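Chain and residue survey
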Amino acid sequence: GQNIDQPTEMTATEGAIVQINCTYQTSGFNGLFWYQQHAGEAPTFLSYNVLDGLEEKGRFSSFLSRSKGYSYLLLKELQMKDSASYLCAVRDPGDSNYQLIWGAGTKLIIKP
Amino acid sequence: NAGVTQTPKFQVLKTGQSMTLQCAQDMNHEYMSWYRQDPGMGLRLIHYSVGAGITDQGEVPNGYNVSRSTTEDFPLRLLSAAPSQTSVYFCASSYGLPRAGSSTDTQYFGPGTRLTVL
């Protein structure tokens, strides 16, 4: 079956670093997305990985290991505004239209 | 650019009522889709469209209809509302069609419609 696992909730301290993990089991793989979603708002795009390795974008980095079916999102110098849910989504070419399979999201709580 | 817009933001229906959720985008995106988001679950695809006049079913299409008469608009119709359809509905669009190894199908989401069916 197709499955994406993320921790339900994480807590971190302002100014610290946090790593949010995502593991996936899909029939195929053609890219992984991370989105940020503040409470009551729409998801917004953070990062995209299709090859193994680390992609860095300012305070946010995303890592992918295709052989392990594993990705993580690393957030540095945490700010209160980073309190949000982080959604992992995998593009699966198992059907002809490459639909995204979404994880349930990780709610990140930042404490002062 | 307004991006992706959705109306209404909130809606309460009684079981059996019908209604249409509106979605529009002004980015000339080919691909549009409707998702529902429920607590503890990932976004689930209801219907999608790869261009004007072309629509297809997603993972959870039952009870919903769509049409795509223009590139800009992609309304979602609830035929006979049921309490199980209580959810937050997001419309999304992307420039490119989903294809292998490309980020051009990064999806832009509307603000959502929070629907309650009593």
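I will try to describe carefully the structure that is included in this document. Computed from a predicted model, the values in this text were never measured in an experiment. (Residues numbered from 1 in each chain as written. Chains lettered and ligands numbered in written order. Predicted model: local features only at pLDDT ≥ 70, side-chain atom pairs only at ≥ 80, totals over all residues. Heavy atoms only, no water.)

Section: the sheet that holds strand β1 (residues 4-7) of chain B
Residue and element names in this part refer to chain B. Condition: When DSSP locates at least two bridges between a pair of strands, those strands are taken to pair. Counting from the N terminus, the helices are the DSSP runs of H or I reaching at least four residues and the strands are the DSSP runs of E reaching at least two. Throughout, an axis means a line fitted to C-alpha atoms (over the contacting stretch in the case of helices), and angles, computed between N-to-C directions, take values from 0 to 180 degrees.
Read from one edge of the open sheet, four strands run β1-β3-β8-β7, paired in antiparallel fashion. The two strands at the open ends of the sheet, each matched to only one other strand, are β1 and β7 (64-66). Averaged over all pairs of adjacent strands, the angle between their axes in this sheet comes to 20°, without regard to strand direction. When β7 meets strand β8 (residues 76-78), the two strands line up antiparallel, connected through three bridges. Considered in β8, the bridge of Y64 is made with L78.

Description of the pattern of salt bridges
Pairs can form between side chains of opposite charge whenever their charged atoms are close. We count it as follows: What counts as a salt bridge is simple: a side-chain nitrogen of Lys or Arg found within 4 Å of a carboxyl oxygen of Asp or Glu. Exposure categories follow from relative accessible area, calculated using a 1.4 Å probe and restricted to protein chains: below 20% of the type maximum is buried, above 50% is exposed, and the middle band is partly exposed.
The final tally for this structure, using the stated rule, is five salt bridges over all chains. Notably, a salt bridge pairs E56 of chain A with K76 of chain A, separated by 3.8 Å at the nearest N-O pair. With a gap of 20 residues between them, E56 of chain A in strand β6 (residues 53-57) and K76 of chain A in the loop between β8 (70-75) and β9 (84-91) connect regions that are remote in the sequence. Judged by its relative accessible area of 56%, E56 of chain A is exposed. The structure contains a network of salt bridges with shared partners spanning R36, D38 and R44 of chain B.

Side note on the interface of chain A and chain B
Let me state the cut-off plainly: The contact definition used throughout considers only heavy atoms, calling two residues in contact when any of these lie within 4.5 Å. A 1.4 Å probe defines the accessible area here, and the buried area is the portion of it lost by two parts on being joined, summed over both. Polar contact is the term for a pair of N or O atoms within 3.5 Å; when the atoms are in protein, one must be able to donate a hydrogen and the other to accept it, and sequence-neighboring residues count only if both atoms are side-chain atoms. Each residue gets one of three labels, nonpolar for Ala, Val, Leu, Ile, Met, Phe, Trp, Tyr, Cys and Pro, charged for Asp, Glu, Lys and Arg, and polar for the others, Gly among them.
At the interface, 20 residues of chain A touch 24 residues of chain B. Across the chain A to chain B interface the summed buried area is about 1600 Å²; carbon plus sulfur atoms make up 55%. Taken together, chain A and chain B are joined by zero salt bridges. Summed over the shared surface of chain A and chain B, the number is two residue pairs in polar contact (both at pLDDT 80 or more). At the level of elements, β4 (32-37), β5 (44-49), β9 and β10 (100-102) of chain A are the ones that each hand at least two residues to the side of chain A that touches chain B. For the side of chain A that touches chain B, the residue count by class is 12 nonpolar, six polar and two charged.

With respect to the pairing of strand β9 (residues 87-94) of chain B
Residue and element names in this part refer to chain B. Of all eight residues in β9, eight are buried, a share of seventy percent or more. Pairing of strand β4 (residues 31-37) with β9, which is carried by seven bridges, proceeds in the antiparallel orientation. Across the sheet, R36 pairs through a bridge with Y89, a residue of β9. Both β9 and strand β11 (residues 113-117) contribute to a ladder of three bridges, which runs antiparallel. Bridge pairing in β11 places V88 opposite R114. Examined bridge by bridge, β9 and strand β10 (residues 108-109) share two bridges and lie antiparallel to one another. Among the inter-strand pairings, S93 is bridged to a residue of β10, identified as Y108.

A look at the sheet that holds strand β1 (residues 3-5) of chain A
Residue and element names in this part refer to chain A. On the basis of which strands lie adjacent, the open sheet formed by five strands has the order β1-β3-β8-β7-β6 and antiparallel pairing. The open sheet is flanked by β1 and β6, the only strands paired with a single partner. On average, each strand axis in the sheet is tilted by 15° relative to the strand beside it, whichever way the strands run. Inspection of the sheet shows β6 paired to strand β7 (residues 60-65) by five bridges, in the antiparallel sense. What sits directly across from K57, in β7, is F60.

Quick look at unusual backbone geometry
Working note: non-glycine residues mostly have negative phi, and peptide bonds are mostly trans. Residues T7 of chain B and P8 of chain B are joined by a peptide bond in cis, for which omega reads -5°. Locating P8 of chain B in the fold gives a position in the loop between β1 and β2 (10-13). In this model, E77 of chain A sits at a positive phi of 45°, which is unusual for a non-glycine residue. Note that E77 of chain A resides in the loop between β8 and β9. Of note, N28 of chain B is a non-glycine position whose phi angle comes to about 60°, a positive value. As for its placement among the helices and strands, N28 of chain B is situated in the loop between β3 (19-25) and β4.

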